[in-house]
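Reading the structure
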Amino acid sequence: MALTIADLVEHAVDAFPERLAVCCEDQELTYAELEARANRLAHFLAARGIGVGDHVGMFAVNSVEAILTLVAVYKLRAVVVNVNYRYVADEVRYLLRDADVKVLVHDAALAGVVATVRPDVPTLRGLVVIGAEPGDHDGEGDTWSFEGALAGESGERDFGPRSGDDHYMIYTGGTTGYPKGVIWRHEDVWRTLGGGIDFFTGTPLTGEWAQSEYGRQTGGMVRMCLAPLIHGNAQWAAFMAFFTGDTVVLLPHFDPHQVWRVVERRKVNVIVLIGDAMGRPIVEALAEGGYDTSSVFAVSTSAALFSPAVQAEFAARLPNAMITESIGSSETGFAGIGVLSAESRRREGPRVTPGPDTVVLDENDRPVQPGEIGRLARGGYVPIGYYKDPVKTAAMFVEVDGTRYVLPGDFARLEEDGTLTLLGRGNTCVNTGGEKVYPEEVEAVLKGHPDILDALVIGLADERLGQSVAALIQPRPGHSLDHADVDAHLRRHLAGYKVPRTVWTVDSIGRLPSGKPNYGWAREYAAGHDPEGLTATSGTDR
């Protein structure tokens, strides 16, 4: 039984060739057109040596071409490497080198960053440029326009059998510093994120044609994926739609009012997004607008959750829609789901029905009793580990009574009725609008500024983003801080969402006797003192 991303997409192609598969602005492809163009790109990549297990980077905003890249690479049993388009040169250089990327598909607007880092990535043997004019540099220095790459290639499907053991990988900022690639088998990630197990009942699907058969029964739905396709949230929202023959609607850039204009135009049924960072702006735009939302019957958030206020606003504005929030991570996949309503109220984290093999473990790696708090863990279909990092891979897993569990670092309470209340991460990672920021990375850049001696970075509660990045900075003796200069320094080395929005200048950074950062001290200081500096960046980096 073939259980790979490409096979499952191809089943829908064969069942619904004339259905609309994907649209972004005015560009549209039917399933037959998606198939032919993805096959051409796959043949182009294969002619340049891309095959089983090879890594192809995707450094782009949402587009039809980005979708084609995802499908084409998996047709070859190769692996897509997601490269965040917000990254600056230092971050892109690190990721491409760490991931051993051989071909990079990137937007023309990002060519400057690519040119800067390419000499430092020895594995990189070719570039495909989305948005470049056909013929522009085609073949020069192994650089091709996207359309030039497709020209003259076969649109036939002749790639041979695939295996459920083929690899899928998603790079995540995670909780341990630099981005790292989480590797999954295709069958395992399909079972956890792609609908291979029913999210509500936990029942496994019976076979590889179950989803395309479901699409035959529904007649096809329209699903809007608001997050960038370099994020697992959007990738799996799109894949699930393709597996069932639905239409995927993309926006190249997030614009709250454009969301509703496109919902009206495309008669969107399901909106998939990331927490308050997207939810608050679009629900406020809906309140301003008078848009027709009669087609919408579901709104789903994952990767970051709705605050109670945003949850209530969605329930009020879309009274006939099911609103759900899912918990999980790149390391666990789906771990639980909750249905929200206007009556839902919570003081802590989300309360969800756990997914299959989701448990809560105590400090001795034993399941907790109802009412107790422990670490969220997931068994069953789990990832292989981190790419090229056996040490972090070993730390990610625990074995309990012969079952291997993955631990994402979240804490949860097991309730009397078997549901789980997610209480938050037990580490210092800052989750801002679904993007993860590791404090030590930002601290290292801060301490590279000539006027800064020491720094700690923490997360602050933020109504829109869930958390925002904040910093406590100790200047060098005899130096004062120019906040504009510090901001410029940070932006030369970090993506904008990692730049602290709030800053405190302190006489001395609190550290533990071991010399390790004292984040408890940092949070207490921030709570008791008025901030200064860098707050003008708020709202400019999403």
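What comes next concerns the included structure.

Cut-off values and rules
- Residues numbered from 1 in each chain as written.
- Predicted model: local features only at pLDDT ≥ 70, side-chain atom pairs only at ≥ 80, totals over all residues.
- Heavy atoms only, no water.
- Helix = DSSP H or I, 4+ residues; strand = E, 2+ residues; numbered from the N terminus.
- Buried < 20%, exposed > 50% of the residue type's maximum accessible area, 1.4 Å probe, protein only.
- Areas by Shrake-Rupley, 256 points an atom, 1.4 Å probe, with all protein chains shown as cover.
- Lys, Arg positive; Asp, Glu negative; His and termini not counted.
- Charge placed at Lys NZ, Arg CZ, Asp CG, Glu CD.
- Core = buried A, V, L, I, M, F, W, Y, C linked by side-chain atoms within 4.5 Å.
- Contact = heavy atoms within 4.5 Å.
- Arc of directions from axis to C-beta.
- Salt bridge = Lys/Arg side-chain N within 4 Å of Asp/Glu carboxyl O.
- Axes fitted to C-alpha atoms, helices over the stretch in contact; angles between N-to-C directions.
- Parallel < 35°, antiparallel > 145°, perpendicular 65-115°, else oblique.
- Left-handed = near helix turned anticlockwise from the far one by under 90°.
- Nonpolar A, V, L, I, M, F, W, Y, C, P; charged D, E, K, R; others polar.

Before going further, it helps to spend a moment on the overall build of the protein chain. Scanning the protein chain from terminus to terminus reveals 16 helices and 28 strands. Burial status across the protein chain gives 58% buried among its 542 residues. Total accessible area computed for the protein chain in this model is approximately 21200 Å², and 50% of it derives from carbon and sulfur atoms. Looking at the protein chain, you have 49 positive and 73 negative side-chain charges, and the mean spots of the two groups are 1 Å apart.

On to unusual backbone geometry. You will see that Arg77, though not glycine, has its phi angle at about 65°, which is positive. Following the sequence through the fold, Arg77 ends up in the loop between α3 (64-75) and β4 (79-82). Owing to a relative accessible area of 24%, Arg77 belongs among the partly exposed residues under this scheme. Residue Lys388 is not a glycine yet carries a positive backbone phi of 60°. A residue is classified by how much of its surface remains accessible, and Lys388, at 48% relative accessible area, is partly exposed.

Glancing now at the nonpolar core. If you look at the biggest cluster of nonpolar residues, it comprises 100 residues, and the most contacted ones within it are Phe242, Trp260 and Phe314. Looking at this core, the element that brings in the most residues is α3, giving nine residues. Residues contacting Trp260, with those up to four places away along its chain left out, are Ile271, Ile282, Ala285, Leu286, Tyr291, Thr293 and Leu318. Within the second largest apolar cluster, 41 residues are counted, among which are Leu96, Val121, Tyr171 and Ala455.

If you check which residues of helix α8 (residues 210-218) are buried, you get Gln211, Ser212 and Gly215. Along the axis of α8, the buried positions cluster into a sector of 100°, meaning they face one direction only. In the core, the buried residues of α8 are packed alongside α1 (5-15), α7 (186-193) and α9 (232-243). Taken from the residues just after α8, Gly219 is the one with a positive phi, measuring 80°.

This next bit is on the pattern of salt bridges. Applying the stated criterion to the full structure yields 32 salt bridges. We note a salt bridge from Arg157 to Glu10, for which the minimum N-O separation is 3.8 Å. Here Glu10 lies in helix α1 and Arg157 lies in the loop between α6 (146-150) and β8 (167-172), a separation of 147 residues in the sequence. Note that Arg93 and Asp90 form a salt bridge whose closest N and O atoms lie 3.1 Å from each other. With Arg93 and Asp90 both in helix α4 (residues 89-99) and three residues apart, the pair spans about one turn of that helix. What makes Asp90 partly exposed here is its relative accessible area of 37%. Through salt bridges that share partners, Asp7, Glu10, Asp14, Glu35, Lys75, Arg157 and Arg162 make up one connected network.

What follows deals with the packing of helix α10 (residues 256-266) against helix α11 (residues 275-289). Viewed as axis vectors pointing N to C, α10 and α11 meet at an angle of 65°, and their least axial separation amounts to 8 Å. The angle between α10 and α11 falls in the class roughly perpendicular. Here α10 and α11 pass one another in a crossing that is right-handed. Contacts from Pro256, His257, Val259 and Trp260 of α10 reach α11 at Pro281, Ile282, Ala285, Leu286 and Glu288. Split into classes, the residues belonging to the contact of α10 with α11 amount to seven nonpolar, one polar and one charged.

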